[in-house]
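Fold and geometry: a report
So you can see what is in the structure, the chains are spelled out below.
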Amino acid sequence: METIKDRIEALRKRIEKLNYGYYVLSKPEISDFEFDRLMKELEHLEAEHPEFFDPNSPTQRVGSDINKNFVQVEHVYPMLSLSNTYSEGEVTDFYNRTSKSLNEPFEIVCELKYDGTSISLTYENGVLIRAVTRGDSVRGDDVTANVRTIKSIPLKLHGTNYPALFEIRGEVLMPWLVFEDLNRERAESEEPLFANPRNAASGTLKLQNPAIVASRRLDSYLYYLLGENLPFDGHYENLKKAGSWGFKISDAIKKCETLEEVFEFIAYWDKERRNLPVATDGIVLKINSARQQLNLGWTSKSPRWAIAYKFQAESAETRLNSVDFQVGRTGAVTPVANLEPVLLSGTIVKRASLHNADIIENFDIHIGDLCYVEKGGEIIPKITGVNKAARFILGDKVRFIKNCPECGTPLVREEGEAIHYCPNHFGCPPQIKGMVEHFVSRKAMYINIGSETVNQFYNAGLIKNAADLYELKAEDVLKLDRWAEKSARNFIESVHESLSVPYDRALYALGIRYVGETVAKRLANAFHSIDDLMKADYEQLITVGEIGEVIARSVLNYFSIESNRRLVERLKNYGVQFTLREDELAEKTNKLNGQTFVISGTFSLHSRDEYKVLIEKNGGKNTSSVSAKTDYILAGENIGPAKLEKAMKMEIKIISEVEFLKMIE
Ligand code: IVH
């Protein structure tokens, strides 16, 4: 008879196999519905039978919600880069050089150069035990928890004939479609956009929260095996074998014996790469035999047995007609070039970013200039230079404006920042409208209106800020075009319903710079009401996990402005939730009330950030340096001797992680 354990194992095997079919082979076997059903059954059984817990179960790929500090890990073999070439001539040189050094026949493996972020994976007895970023090539960040959420990376290998211990390297990628979705969402909530899928992939791998990483749908291609007991001498043969263990290995890979074959591969993929779901920026050529690789050796930066041939970034030349300056919700001013329309990688480009004042100055760009536009990996094309040789008549020099194009206020530029801002946050129309749009958006107060309605209200003089929404009556909106009894009633109801939106979302709705959804949650958990948050000083803010200098300063700055405080006060009076609700508070205790902690050393049961959260959740305070106010030092391994000595002198209690966990049990 099938026991529960058998059923759990069968489900795990089946789901892993389906994942492999879906994410690696791109051949889904069953419907999403059917798949979800299997997954739900497994989740249910695992929840009922924690004794069968397995960290490698497919259910664990969703990523836990716990924050992890990255630990630095030294690479067993340094992660070198490749030397780049840009012409067929240089490829020929590489071939001739290799031929001369080896003085025997050799094979060259051609692969695509994937444009993501590199990763090193270590497998022991067929189980993924570590994933490390490239870092400074000698040591990188241990991002295992995040990498475990990438569905095309096997947690357990298929079959049995893999080496007991080996490393495999490859690229973590964000597919174009996922990248575009993500940027669309970020644009909606006015978060900064990722410039290209590479930045998005590496940014995602460095997130502190594996659950968010899981939602970003990263993909991977593996392209390099390392270890003592690899099955073959040939790199190509090893990669194919690795494919049978469950890794995603590209099919765009070819073993060549002549230069002609290499050039054929390059020419083919230079065109065909446009149809790939992920970004590529060149071709990698590798000598196939490990014995010959050893023979050719390495320089300090890169192997002598491989080179990269980089595709030309697509660029076009066109005329600059004029420059606009756009003001966003936060007041940031972006210069945008209006161009003579030009065809670039399949789309017509009319507008391109001119970045910022420094770059405009550097280009010394004038109206009427012929300039170069590139699309590269970016969605927004950019100007990359000016063809000064083609300048016959000199138009007006482009200068960054001094005053806001919308409200006339003199622009400011903070020290060390490249961006100009309009500081008139409460009087500048696009900023006001942008702020209200953000306030009503789905992840904030979820009030049922879009940007057109916000515009309409603003133009009719009905609203000057978000708080005015709560003053509106059905009669007011009924006077406007396109409004009827029913829609007006729905709107008023939706405004009323927003009063039950929880504190963290109301905080997010304020649109404080750098306070996105996650940060807002963090702040709400650490400061149980907005009054507490407004009273917090810099020191208190940065002790909250994930809140760094930039965010802390932005929060302080926001509340230092009188009109912001007035806005909050008004919202509070209308009934917007600015305190943690009873049920949210219930997860909290006051076991550590009034106690101040300093965390020092490294821990084995939880990460430092998790301890920070635990201290906060239980009512304690967490500070960075030992002082007379410190009650406890939560000491891990390798606690600094200076700290230890100071603590002993001041007779501060030093507790271990086990003792700490007992305190909050
Ligand atoms: S092999 C020692 N193969 O390019 C050789 N690298 O500048 C190790 N890359 O850091 C790299 N596609 O992130 C190799 N098919 C491929 C690649 C590839 C992309 C990246 C990788 C590496 C960088 C080298």
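Quick note: structure is the one above.
What this report covers is the structure whose coordinates are included nearby. Keep in mind that this is a model prediction, so the values were computed, not measured.

1. Some thoughts on the sheet that holds strand β20 (residues 621–623)
The strand order across the open sheet built from four strands is β20-β19-β21-β22, with neighbouring strands paired in parallel fashion. Edge positions in the sheet fall to β20 and β22 (653–655), since each of these pairs with one other strand and no more. Within this sheet the neighbouring strands show an average axis-to-axis angle of 35°, counted without direction. Bridge analysis of strand β21 (residues 632–635) against β22 gives three bridges, and the strand direction is parallel.

2. Points about the site of the ligand
Residues in close proximity to the ligand total 13 residues, the closest being E111, L112, E171, Y223 and K286. Within the side chain of K113, one N or O atom sits 3.2 Å away from an oxygen atom of the ligand. In this structure, Y223 approaches the ligand through a side-chain N or O atom, which is 3.1 Å from an oxygen atom. Protein contact buries 90% of the 520 Å² of open area that the ligand shows by itself. With four residues, strand β3 (residues 108–114) is the largest single contributor of residues to the shell around the ligand. Here the shell around the ligand is composed, by residue class, of six nonpolar, two polar and five charged.

3. Overview of the sheet that holds strand β11 (residues 306–310)
If you trace the five strands from one edge of the open sheet to the other, you get β2-β11-β10-β3-β9, paired in mixed fashion. In this open sheet, the two edge strands, each paired with only one partner strand, are β2 (83–85) and β9 (253–256). Taking the axes of each pair of neighbouring strands and ignoring which way they run, one obtains an average angle of 30° across the sheet. Where strand β10 (residues 280–287) and β11 come together, five bridges link them in antiparallel fashion. By the bridge assignment for β11, I283 is matched with Y309. The sheet contacts of helix α9 (residues 259–272) involve β3, β9, β10 and β11, and relative to β9 the element is tilted by about 160°.

4. Comments concerning the side chain of T133
Its place among the elements puts T133 in strand β5 (residues 127–133). In this view, T133 contacts H75, M79, S118, I119, G140, D141, V143 and K206; residues no more than four positions away in its chain are not counted.

5. Examining the pairing of β11
Judged by how many residues are buried, β11 sits mostly within the fold: five of five residues are covered. Burial along β11 is two-sided: the residues A306, A308 and K310 and I307 and Y309 are all buried. Of the strand pairs in this sheet, β2 and β11 are connected by three bridges, and their pairing is parallel. By the bridge assignment for β11, S83 is matched with I307.

Conventions adopted
Residues numbered from 1 in each chain as written. Predicted model: local features only at pLDDT ≥ 70, side-chain atom pairs only at ≥ 80, totals over all residues. Heavy atoms only, no water. Pairing = 2+ DSSP bridges. Helix = DSSP H or I, 4+ residues; strand = E, 2+ residues; numbered from the N terminus. Axes fitted to C-alpha atoms, helices over the stretch in contact; angles between N-to-C directions. Near = heavy atom within 4 Å. Polar contact = N/O pair within 3.5 Å; in protein donor to acceptor, adjacent residues only side chain to side chain. Areas by Shrake-Rupley, 256 points an atom, 1.4 Å probe, with all protein chains shown as cover. Nonpolar A, V, L, I, M, F, W, Y, C, P; charged D, E, K, R; others polar. Contact = heavy atoms within 4.5 Å. Buried < 20%, exposed > 50% of the residue type's maximum accessible area, 1.4 Å probe, protein only.

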